[in-house]
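# Residue-level structure breakdown
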Amino acid sequence: MTTYAISNPIDRFSWNRCLSLWYFYKPALGIMLWLWPVCVCVLYLGSLLPCLLSSYWAFSSFGLGLCSFLIVFSPLMLARVKGREATAMLPVTPGERLVFLLLFFCVFIPVIVELTEYALYGLSIVAFGADRLQPITELITQSWKTYQRSYGLAIFASGFGIIVTMCAVTLANRNKVLLGVVACFGSAIVIGIISGIGMMVYGFLTGLFDSLKNSPLMFAGDDLESLSMINSDSGLGAMITWTLLITAVLSLIIEAICVGLMYRKFKKGKA
């Protein structure tokens with residue numbers, strides 16, 4: 001019988017107990033430590049080959065794009081955890097268990113995937129030169145621009161799929177994998193629709209203000225400009241920025257709800 005090095009819980013949060021949860025989850029989640037980097041290598045190869053074959057550049061983002069699914073759907077591995085009774089009787093507080101899972105899936109796994117990607121990217125530049133890897137470079141650059149445009153809030157949108165999937169797997173009593181995938185895609189579609197509506201409203205207001213500003217029958221340009229809240233950054237760039245901000249805020253709200261639901265389930269000892 002395996003003995004887990006976890007001390008008895010007390011009211012205060014303990015990092016020692018929190019991190020010791022690894023001994024319990026290792027049989028189910030340990031495989032990710034080597035399988036995920038291997039998958040990244042295979043997917044990166046799927047992006048590298050089209051770059052080297054310049055006539056197939058259009059397919060160069062396919063492999064790296066799939067790497068994000070390794071991060072988003074990583075909580076599905078929680079379905080491999082056996083024994084709900086043993087899980088519910090773990091001598092840890094609900095907060096410690098929740099923090100461990102959030103750190104593992106929202107921090108540790110993304111770091112492993114990203115580090116593997118950047119290591120392969122660096123080796124590819126050394127081996128083949130930066131010019132031949134231009135599509136991959138543009139993809140990585142665009143990812144950083146997304147965080148810049150959203151003032152860093154895009155990180156909440158990045159963690160959205162992870163937390164929603166983890167919440168669905170945690171709350172589900174059966175068909176955990178199926179419900180996790182459906183919940184992630186369903187929530188993403190809802191956020192996409194709401195963000196699209198927000199972008200349409202922003203575009204309408206931008207056009208309205210521009211029309212009023214250029215109309216000799218309406219306010220003077222300077223007066224209208226002082227009333228407009230979106231005069232500092234007009235055009236497509238501003239629309240993208242606002243869309244990213246709306247998506248990030250909506251993601252943060254849903255993530256907070258999911259975290260609350262998971263904590264409640266852990267507290268009741270039913271997961």
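Scanning the protein chain from terminus to terminus reveals 12 helices and 0 strands. Along the protein chain, helices and strands appear, N-terminal first, in the series α-α-α-α-α-α-α-α-α-α-α-α. Taking all 271 residues of the protein chain together, 37% fall into the buried category. In the protein chain, of all internal contacts separated by at least 6 residues, the share reaching a separation of at least 24 is 76%. Only carbon and sulfur atoms are counted for the fraction: they give 69% of the accessible area of the protein chain, which is about 15,700 Å².

A surface patch of nonpolar side chains, amounting to about 660 Å² of accessible area, comprises Phe13, Trp15, Leu19, Leu103, Val107, Val111 and Leu115. Counting residues per element, the ones that place at least two in the nonpolar patch are α1 (15-20) and α6 (94-128). Of the residues forming the nonpolar patch, the biggest block, 4 residues, is contributed by α6. Mapping valine 111 onto the fold places it in helix α6. Accessibility expressed as a relative area gives 41% for valine 111, which makes it partly exposed.

This part covers the environment of alanine 172. Within the element layout of this structure, alanine 172 appears in the loop between α9 (160-171) and α10 (176-214). Linking alanine 172 and alanine 79, residues 93 residues apart in sequence, is a C-alpha distance of 9.6 Å.

According to the stated counting rule, one finds 1 salt bridge in the structure shown. Across the pair arginine 17 and glutamate 96 runs a salt bridge whose closest N-O atoms are separated by 2.3 Å. Residue arginine 17 is located in helix α1, and its partner glutamate 96 is located in helix α6; the two are separated by 79 residues in the primary sequence. Glutamate 96 shares its class with arginine 17; the two are buried.

For the coordinates displayed, the defined rule picks out 9 aromatic pairs. Between phenylalanine 24 and tyrosine 25, the aromatic rings sit 5.1 Å apart at their centres with planes inclined by 85°, giving edge-to-face as the arrangement. Residue phenylalanine 24 shares its accessibility class with tyrosine 25, and that shared class is buried. Taken together, the ring pairs in this structure connect Trp22, Phe24, Tyr25, Phe100, Phe104, Phe105 and Phe108 into an aromatic cluster.

Another point: the nonpolar core. Counting residues in hydrophobic clusters, the biggest one holds 50 residues, and the most contacted among them are Tyr25, Leu29, Met32, Leu78, Leu101, Phe105 and Ile136. For this core, the elements supplying multiple residues, two or more each, are α2 (22-29), α3 (32-52), α4 (60-72), α6, α7 (134-149), α9, α10 and α12 (236-268). The dominant element in this core, judged by the number of residues it contributes, is α6, at 10 residues.

Turning our eyes to something else, we now look at the confidence of the model for the protein chain. Low-pLDDT stretches of the model should not have their predicted coordinates read in fine detail. Overall, the predicted model of the protein chain reaches an average pLDDT of 77, with 69% of residues at or above 70. Here residues 217-234 scores under 50 on pLDDT; set against residues more than four positions off or in separate chains, the count is 18 contacts.

This part is about the side chain of glutamate 96. Look at glutamate 96 and you get buried, because its relative accessible area is 0%. At a separation of 2.9 Å, a polar atom in the side chain of glutamate 96 contacts the main-chain amide nitrogen of serine 14. There is a polar contact of 3.0 Å between the side chain of glutamate 96 and the backbone nitrogen of threonine 93. Apart from the residues lying within four places of it in its own chain, the contact partners of glutamate 96 are Arg12, Phe13, Ser14, Arg17, Cys18 and Leu21.

Now for α6. Compared with the 51 Å implied by 1.5 Å per residue over 35 residues, the 50 Å span of α6 between its first and last C-alpha is a close match. Of all the bends found along α6, the most pronounced is centred on phenylalanine 104 and spans about 35°. Where α6 terminates, the next one or two residues include glycine 129, which has phi positive at roughly 90°.

Here we come to the environment of leucine 133. With respect to the secondary-structure elements, leucine 133 resides in the loop between α6 and α7. Sequence separation of leucine 133 and leucine 49 is 84 residues, and the distance between their C-alpha atoms is 9.8 Å. Each residue touching leucine 133, except ones within four places of it in the same chain, is listed here: Leu48, Cys51, Tyr121, Ser124 and Ile125.

Right, let's talk about the packing of α2 against α6 for a bit. Closest axis-to-axis distance for the α2/α6 pair is 12 Å, and the angle between their directions is 40°. Taken together, the axes of α2 and α6 are oblique relative to one another. Once α2 is placed against α6, the crossing between them reads as right-handed. Of the residues in α6, those in contact with Trp22, Tyr25 and Leu29 of α2 are Arg97, Phe100, Leu101, Phe104 and Phe105.

Basis of the calculations
Residues numbered from 1 in each chain as written. Predicted model: local features only at pLDDT ≥ 70, side-chain atom pairs only at ≥ 80, totals over all residues. Heavy atoms only, no water. Helix = DSSP H or I, 4+ residues; strand = E, 2+ residues; numbered from the N terminus. Buried < 20%, exposed > 50% of the residue type's maximum accessible area, 1.4 Å probe, protein only. Contact = heavy atoms within 4.5 Å. Areas by Shrake-Rupley, 256 points an atom, 1.4 Å probe, with all protein chains shown as cover. Patch = residues over 30% accessible without salt bridge, like charges linked within 9 Å, V, L, I, M, F, W, Y side chains within 5 Å. Salt bridge = Lys/Arg side-chain N within 4 Å of Asp/Glu carboxyl O. Phe/Tyr/Trp six-rings, centres within 6.5 Å; stacked < 30°, edge-to-face > 60°. Core = buried A, V, L, I, M, F, W, Y, C linked by side-chain atoms within 4.5 Å. pLDDT = per-residue confidence, 0-100. Polar contact = N/O pair within 3.5 Å; in protein donor to acceptor, adjacent residues only side chain to side chain. Expected span 1.5 Å × (residues − 1). Bend = angle between axes of the 7 residues up to and from the residue. Axes fitted to C-alpha atoms, helices over the stretch in contact; angles between N-to-C directions. Parallel < 35°, antiparallel > 145°, perpendicular 65-115°, else oblique. Left-handed = near helix turned anticlockwise from the far one by under 90°.

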